[in-house]
Amino acid sequence: METFVAVAELKGFARAARKLGLSAPRVTRLVAALEARLGVELLHRTTRSVSLTDAGARYLAQARGIVDAVHEAERRTLADRPVPSGRFVVTAPVVFGRLEVAPLFSRFLARWPAVRGELLLLDRIVSLVDEGVDLAVRIGELEDSSLRARVIGATRRVVVASPKYLAEHGRPRRPEDVAKHQTAQLTPLGAPGEWHFQRGGRPVRVRVQPAFVTNSADAAITHAAAGGGLAMVLSYQVAAHLKAGTLETVLDRFEPPPRPIQLVYPAARQPSATVRAFIDFAVGSRARPLAFDKHQ
């Protein structure tokens, strides 16, 4: 039933298989077995798409509620366990997850061997309940009132460029100078064409015409390090480049307020022992990779 719900909601056997951690043939067999048991066809299948039959649509409405009820019963039972254990799914942004969360997660799993950890690195907002995620690491203000959050740090938005580019084109002294430079736009930090700064406690917006637009922090940083111009990124993303001298920050005095780094979980759920243990581990004195970012 859970497999059928995943296939119906994701409109594909392969996508459902990835979500459930199963092989695509296994998912196909499970749905076929369910249809055989019920004696009806639940899904229309073509080489390019999957859609619900009328019977499948009616069955999905009931099955989704049953699956959710089972998951909630399991979560409540797990929440009562005094020791972290069982499946634990965490999601985080790609670069931050690779640099900071993955090492932390590995140490946590070594501390609690009964936990089966899954780390999903995605540069998009994940629906925790719909996608079966226990906890998310998010950067920025939390707007969803159905979630609870624990602030564990903050990171700055910085403008960087290579020493070679700055030597050839000059160093911007005011936010308005950015408009005269080549720029690389990282779309998760704002709409293309506008960069945000702060002067005297007041926001300043500068229009830019980026020569390079990408949703990948790594791509924007590589472009800037190669002399492609200015890039606005988060400070942890360029820490290694700043230390190595391949990038330099500019306009430090005009940085906007830091963005909070938060651990997020559904407010409707009582956090399990595993969620509570991970939060405590992340903010503990021995696990400081998520600490407040300092100026380089």
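Because the structure is predicted, anything quoted here is derived from the model rather than measured.

What counts and how
- Residues numbered from 1 in each chain as written.
- Predicted model: local features only at pLDDT ≥ 70, side-chain atom pairs only at ≥ 80, totals over all residues.
- Heavy atoms only, no water.
- Helix = DSSP H or I, 4+ residues; strand = E, 2+ residues; numbered from the N terminus.
- Buried < 20%, exposed > 50% of the residue type's maximum accessible area, 1.4 Å probe, protein only.
- Areas by Shrake-Rupley, 256 points an atom, 1.4 Å probe, with all protein chains shown as cover.
- 1 Å grid on protein atoms, 1.4 Å probe; cavity = no way out; pocket = protein on both sides within 12 Å on 5 of 7 lines; lining within 4 Å.
- Points joined across faces, edges and corners; volume = space filled by probe spheres on them.
- Nonpolar A, V, L, I, M, F, W, Y, C, P; charged D, E, K, R; others polar.
- Arc of directions from axis to C-beta.
- Contact = heavy atoms within 4.5 Å.
- Salt bridge = Lys/Arg side-chain N within 4 Å of Asp/Glu carboxyl O.
- Phe/Tyr/Trp six-rings, centres within 6.5 Å; stacked < 30°, edge-to-face > 60°.
- pLDDT = per-residue confidence, 0-100.
- Pairing = 2+ DSSP bridges.
- Axes fitted to C-alpha atoms, helices over the stretch in contact; angles between N-to-C directions.
- Parallel < 35°, antiparallel > 145°, perpendicular 65-115°, else oblique.
- Left-handed = near helix turned anticlockwise from the far one by under 90°.

Draft legend 1. Geometry of the overall build of the protein. Per the secondary structure count, the protein includes nine helices and 14 strands. Considered along the principal axes of its C-alpha atoms, the protein spans approximately 75 × 45 × 35 Å. Here the protein holds 296 residues, and 43% of them are scored as buried. Here the protein displays about 15,900 Å² of accessible surface, and carbon together with sulfur accounts for 52% of that area.

Draft legend 2. Focus on the layout of surface pockets. For the second largest pocket, the calculated volume is near 330 Å³. As for the second largest pocket, its lining consists of 14 residues, and the residues nearest its centre are Arg18, Lys19, Leu120, Arg124 and Glu131. Those elements that place two or more of their residues in the lining of the second largest pocket are α1 (2-10), α2 (13-20), β3 (86-92) and β4 (115-121). With three residues, α2 is the largest single contributor of residues to the lining of the second largest pocket. Taken together, the residues of the lining of the second largest pocket break down into four nonpolar, one polar and nine charged.

Draft legend 3. Structural context of helix α7 (residues 217-225). Taken together, the buried positions of α7 are Ala217, Ala220, Ile221 and Ala224. Buried residues of α7 fall within an arc of 95° about the axis and therefore sit on the same side. Each element contacted by the buried residues of α7 is listed here: α5 (94-111), β8 (183-186), β11 (212-214), β12 (230-234) and α8 (239-244). Downstream of α7 by a residue or two, glycine 227 has a phi angle that is positive, lying close to 95°.

Draft legend 4. Highlighting the side chain of glutamate 35. Residue placement: glutamate 35 occurs in helix α3 (residues 24-38). With sequence-adjacent residues up to four places away left out, glutamate 35 is seen in contact with Val40, Glu41, Leu42, Leu43 and Arg45.

Draft legend 5. Quick peek at the pattern of salt bridges. For the structure shown, the criterion picks out 13 salt bridges. A salt bridge links arginine 98 to aspartate 218; its shortest N-O distance comes to 3.2 Å. Residue arginine 98 is found in helix α5, and its partner aspartate 218 is found in helix α7; the two are separated by 120 residues along the sequence. Salt bridges linked by common partners bring Arg174, Glu176, Asp177, Lys180 and Arg199 together as one network.

Draft legend 6. Here's a closer look at the packing of aromatic side chains. This model, assessed by the stated rule, comprises eight aromatic pairs. Taken together, a centroid distance of 5.9 Å and an interplanar angle of 80° make the contact between phenylalanine 105 and phenylalanine 278 edge-to-face. Highlighted residues: phenylalanine 105 in helix α5 and phenylalanine 278 in helix α9 (residues 273-283), separated in sequence by 173 residues. The exposure class of phenylalanine 278 is buried, given its relative accessible area of 1%.

Draft legend 7. Representation of unusual backbone geometry within the structure. A positive phi angle is found at lysine 11, which is not glycine, with a value near 60°. By secondary structure assignment, the location of lysine 11 is in the loop between α1 and α2. One non-glycine residue, leucine 251, lies in the positive phi region at around 60°. Summarising the element assignment, leucine 251 is placed in the loop between β13 (248-250) and β14 (259-266). What makes leucine 251 buried here is its relative accessible area of 7%.

Draft legend 8. Representation of the confidence of the model for the protein in the model. Across the protein, the average pLDDT comes to 88, with 95% of residues at 70 or higher. Contacts from residues 285-296, a stretch scored under 50 in pLDDT, to residues over four places away or in other chains number 30 contacts.

Draft legend 9. Structural detail: the environment of asparagine 215. By the element assignment, asparagine 215 lies in the loop between β11 and α7. Considered as a pair, asparagine 215 and glutamate 255 are 40 residues apart in the sequence and their alpha carbons are 21 Å apart. Residues in contact with asparagine 215, not counting those within four places in the same chain, are Asp123, Leu186, Thr187 and Pro188.

Draft legend 10. View of the sheet that holds strand β7 (residues 157-161). As summarised here, the arrangement of the five strands in space is β11-β8-β12-β7-β13, forming an open sheet in which the pairing is mixed. The two strands at the open ends of the sheet, each matched to only one other strand, are β11 and β13. Taken over all neighbouring pairs, the strand axes of this sheet differ in orientation by 35° on average, direction set aside. Direction of pairing for β8 relative to β12: parallel, over a ladder of two bridges. Considered in β12, the bridge of threonine 183 is made with leucine 230.

Draft legend 11. Structural detail: the packing of α5 against α9. The contact between α5 and α9 brings their axes to 11 Å, and the two run at 125°. Taken together, the axis directions place α5 and α9 in an arrangement best described as oblique. Our pair here, α5 against α9, has a crossing hand that is right-handed. Counted together, Leu104, Phe105, Arg107, Phe108 and Arg111 of α5 and Thr274, Ala277, Phe278, Phe281 and Ala282 of α9 form the full contact between these two elements.

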